[in-house]
Amino acid sequence: MNNSNRIKVGVIGVGHLGNFHVQQLKTIPEADVVGIFDQDAGRLAEMADEHSVKAYSDYMDLLKDCQAVSIVTPTNTHFDVARSALDQNCHVFIEKPITQTVEQAKQLLEMAQARGKLIQVGHIEQFNPAFLALGDRKINPKFIECHRLAPFNARGTDVPVVLDLMIHDIGIILSLVPDRIRDIRASGVKVVSDSVDIANARIEFENGCIANITSSRISQKTMRKLRIFQENAYITVDFHTGTVETYDVSESEPAAAENSMVFTIEGKRKKHILYQKPFVEKGNALRMELAHFLNAIRESLRPAVDGHSATEALEVAIRIQNSIDG
Ligand code: NAD
């Protein structure tokens, strides 16, 4: 790609995840990675050296040289950093959750709107190849079950598990159920850290759909599963192993295609179940979401997970957290 067509992009915050942002941006032809900034000078120098990119000692200088920026700092800094970036007329990619409060998120949305800039937020599971493999399959859930369990890691414990992990599933659920929320019930426990480490939430939508989400960061095993139950179908997405399985029930016997099996249930009325394991393309979700962001800038498109949908997810997460706090 011609250099003048590439988007000048920077990364602010090059800790655990910021490292991967730089690594992936460098593989995207549309990205011209102009430099990075981190408040930890040692980490900044290490990452600049590792990725052969310029280290900026003042992030305002980086913002002046960029058209777009990835913000990969701790959640409590997202608002200030994103506000500075929008002020310098940069498009912003912000790691999830968008901000700590809904008021902050709405302020960023207003700033972006006034300056004609895009906000995309790192709800990465929406770019998980397993989730994308659902394609344009009709999803009309009546019941959703999500489990997101992770071993303990001090990183991320600056926010409760609802804002750290559950927000991924909230984003997914809101993308699947385009209806208003009628009620939220939740409970959670601080087991290891100073904030809630394990939580369960039950979201009831006005169309009757119920979503039950369990998130833990004190689990021995890792699990990231979504199960969708709807009339005549059961769909399961495993974000961790990258697999999808679908079960479709019908009265007439379906033809078994590749990667599928048909079971028959004898009952009052004979029913057939078509089991399928759709093909999941290989792909790096982080690279895909960053490429999507740059493409949205180039083509003036609304990104798949824009600031508005991330703000809605944050709003629900905060309702859940408030319900836990009582
Ligand atoms: P981290 O602690 O490893 O890295 C954060 C980095 O930001 C550190 O290097 C720190 O020195 C730097 N920093 C702190 N304040 C700064 C500031 N004001 N300006 C510049 N640099 C600053 O944390 P992490 O795990 O990389 O998480 C960063 C963000 O990414 C968080 O918002 C987190 O929620 C998000 N995250 C998202 C996912 C996902 O699945 N999408 C996964 C992990 C983390």
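Scroll up to find the structure.
Residues numbered from 1 in each chain as written. Predicted model: local features only at pLDDT ≥ 70, side-chain atom pairs only at ≥ 80, totals over all residues. Heavy atoms only, no water.

Caption draft 1: Structural detail: the packing of helix α1 (residues 16–25) against helix α2 (residues 41–51). One way to put it is that α1 packs onto α2 with a least axis distance of 11 Å and a crossing angle of 25°. Considering the angle they form, α1 stands roughly parallel to α2. Seen from above, α1 lies across α2 with right-handed handedness. Residues His16, Asn19, Val22 and Gln23 of α1 pack against Arg43, Met47, Glu50 and His51 of α2. Its residues placed into classes, the contact of α1 with α2 shows two nonpolar, four polar and two charged. (Axes fitted to C-alpha atoms, helices over the stretch in contact; angles between N-to-C directions. Helix = DSSP H or I, 4+ residues; strand = E, 2+ residues; numbered from the N terminus. Parallel < 35°, antiparallel > 145°, perpendicular 65-115°, else oblique. Left-handed = near helix turned anticlockwise from the far one by under 90°. Contact = heavy atoms within 4.5 Å. Nonpolar A, V, L, I, M, F, W, Y, C, P; charged D, E, K, R; others polar.)

Caption draft 2: Up close: the pairing of strand β8 (residues 198–205). Taken together, the eight bridges between strand β7 (residues 181–189) and β8 define a ladder with antiparallel strand orientation. Bridge assignment links Arg185 to a residue of β8, and that residue is Arg202. As judged from the seven bridges shared by β8 and strand β9 (residues 210–216), these two strands associate in the antiparallel manner. Bridge pairing in β9 links Ile198 to Ser216. Between β8 and β9, which pair antiparallel and follow one another directly, the connecting turn spans four residues, one of which, Gly208, has a positive phi of 95°. (Pairing = 2+ DSSP bridges.)

Caption draft 3: A look at the sheet that holds strand β13 (residues 260–265). Pairing within the open sheet is mixed, and its nine strands lie in the order β7-β8-β9-β6-β10-β11-β12-β14-β13. The strands lining the two open edges of the sheet, one partner per strand, are β7 and β13. Adjacent strand axes in the sheet meet at a mean angle of 10° when their direction is disregarded. Bridging between β13 and strand β14 (residues 271–276) involves six bridges; their strand directions are antiparallel. Note that in β14 the partner of Ile265 across the bridge is Lys271. Contacts from helix α7 (residues 161–176) reach β6 (143–149), β7, β8, β9 and β10 (223–230) within the one sheet, and its direction differs from that of β9 by about 155°.

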